[in-house]
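Examining the three-dimensional arrangement
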Amino acid sequence: MPHFALELKANLVNVTNLRPADYATHHWCMKFKCSSCGAKFDHWQSATAEEIHVLHEHQRIANLIENCPFCAIQYSIHILPDSYKPYDANKNEQWQQIVRFDCRGMEPVDFDPTVGWVAEGSESGTVFEDIDLTDKEWADYDEKLNQPVEINSIDVRFVSVKYRKKDQKYYLAFQSCK
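Residues numbered from 1 in each chain as written. Predicted model: local features only at pLDDT ≥ 70, side-chain atom pairs only at ≥ 80, totals over all residues. Heavy atoms only, no water.

With that out of the way, let us pick up the nonpolar core. Judged by nonpolar contacts, the single largest core of 39 residues is most densely connected at L6, L18, W28, I77, F101 and I151. Once residues within four sequence positions are removed from consideration, L6 is found in contact with W28, Q96, Q97, I98, V99, F101, F111, V156, R157 and F158. (Core = buried A, V, L, I, M, F, W, Y, C linked by side-chain atoms within 4.5 Å. Buried < 20%, exposed > 50% of the residue type's maximum accessible area, 1.4 Å probe, protein only. Contact = heavy atoms within 4.5 Å.)

Right under this line is the structure:
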């Protein structure tokens, strides 16, 4: 099955558990490549878990459905909600999977973290909301620790991962959408 994991590598200073503030409404902004004709799309597209399309002919659901502008093949992406993982400062500056996607007819090739992130102070537990990673860096100050906090050196990649049997429930999810 065509599953891709979005992996993140970053330097977190005095913060941990970097993740979207709300997984359901978070916009996963990506660029894609058509699996059929190989064309790369220059425009950003976003998928959210709350936007659900039922694909009856394939007995599955998707969060984004589009057609390739070059060969007109339909492609889709489904965000696998049980794959969400925060970026952990204990594995700082290492590749960590933060989400998985079921991709049909396309491959993700780039990711823009944009806005809507949250993190916690590593020692203080202070919650930092509304983190904007558009510039792939962020800085603030932890009042409880009297120390600066920051996120920088952000790098992203997509890796092909194996289909997991437990993901099958998403292909048959249309039954519960009726």
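Moving on from the model shown.
The next thing to look at is the sheet that holds strand β4 (residues 45-47). Strand order in the open sheet formed by 3 strands is β4-β3-β10, with antiparallel pairing between adjacent strands. Of all the strands in the sheet, just β4 and β10 (106-112) have a single pairing partner and so form its edges. Strand-to-strand twist of the sheet, defined as the mean angle between neighbouring strand axes without regard to direction, takes the value 50°. Pairing between strand β3 (residues 28-34) and β4: 3 bridges, direction antiparallel. Looking across to β4, one finds that C29 is bridged to S46. (Pairing = 2+ DSSP bridges. Helix = DSSP H or I, 4+ residues; strand = E, 2+ residues; numbered from the N terminus. Axes fitted to C-alpha atoms, helices over the stretch in contact; angles between N-to-C directions.)

Mean pLDDT for the chain: 91, with 90% of residues reaching 70 or above. Within the model, pLDDT remains below 50 along residues 170-178, and this stretch shows 24 contacts once partners closer than five positions in the same chain are excluded. (pLDDT = per-residue confidence, 0-100.)

If you trace the 6 strands from one edge of the open sheet to the other, you get β7-β8-β9-β1-β14-β13, paired in antiparallel fashion. Both outer strands of the open sheet, β7 (64-67) and β13 (138-142), are each paired with one neighbouring strand and no more. Direction aside, neighbouring strands of the sheet carry axes that sit 25° apart on average. Where β13 lies against strand β14 (residues 147-161), 5 bridges are found, and the strand directions are antiparallel. The residue bridging Y141 from the neighbouring strand is P148, located in β14.

Next up on the list: the pattern of salt bridges. Taken as a whole and assessed by the stated rule, the structure comprises 3 salt bridges. Between R157 and E7 there is a salt bridge, with its nearest N and O atoms 2.7 Å apart. Remark: E7 occurs in strand β1 (residues 3-13) and R157 occurs in strand β14; sequence separation between them is 150 residues. For E7, a relative accessible area of 13% translates into the label buried. Across the pair D102 and R104 runs a salt bridge, and its minimum N-O distance is 3.0 Å. In this structure D102 comes out as buried when scored by relative accessible area, which is 1%. (Salt bridge = Lys/Arg side-chain N within 4 Å of Asp/Glu carboxyl O.)

For the structure shown, the criterion picks out 9 aromatic pairs. Relative to W117, the ring of W28 has its centre 6.2 Å away and its plane inclined at 90°; by these criteria the two rings are edge-to-face. One end of the pair, W28, is in strand β3; the other, W117, is in strand β11 (residues 117-121), and 89 residues separate them in sequence. Aromatic side chains F41 and Y75 sit 5.6 Å apart centroid to centroid with 25° between the ring planes, which places their arrangement in the stacked category. (Phe/Tyr/Trp six-rings, centres within 6.5 Å; stacked < 30°, edge-to-face > 60°.)

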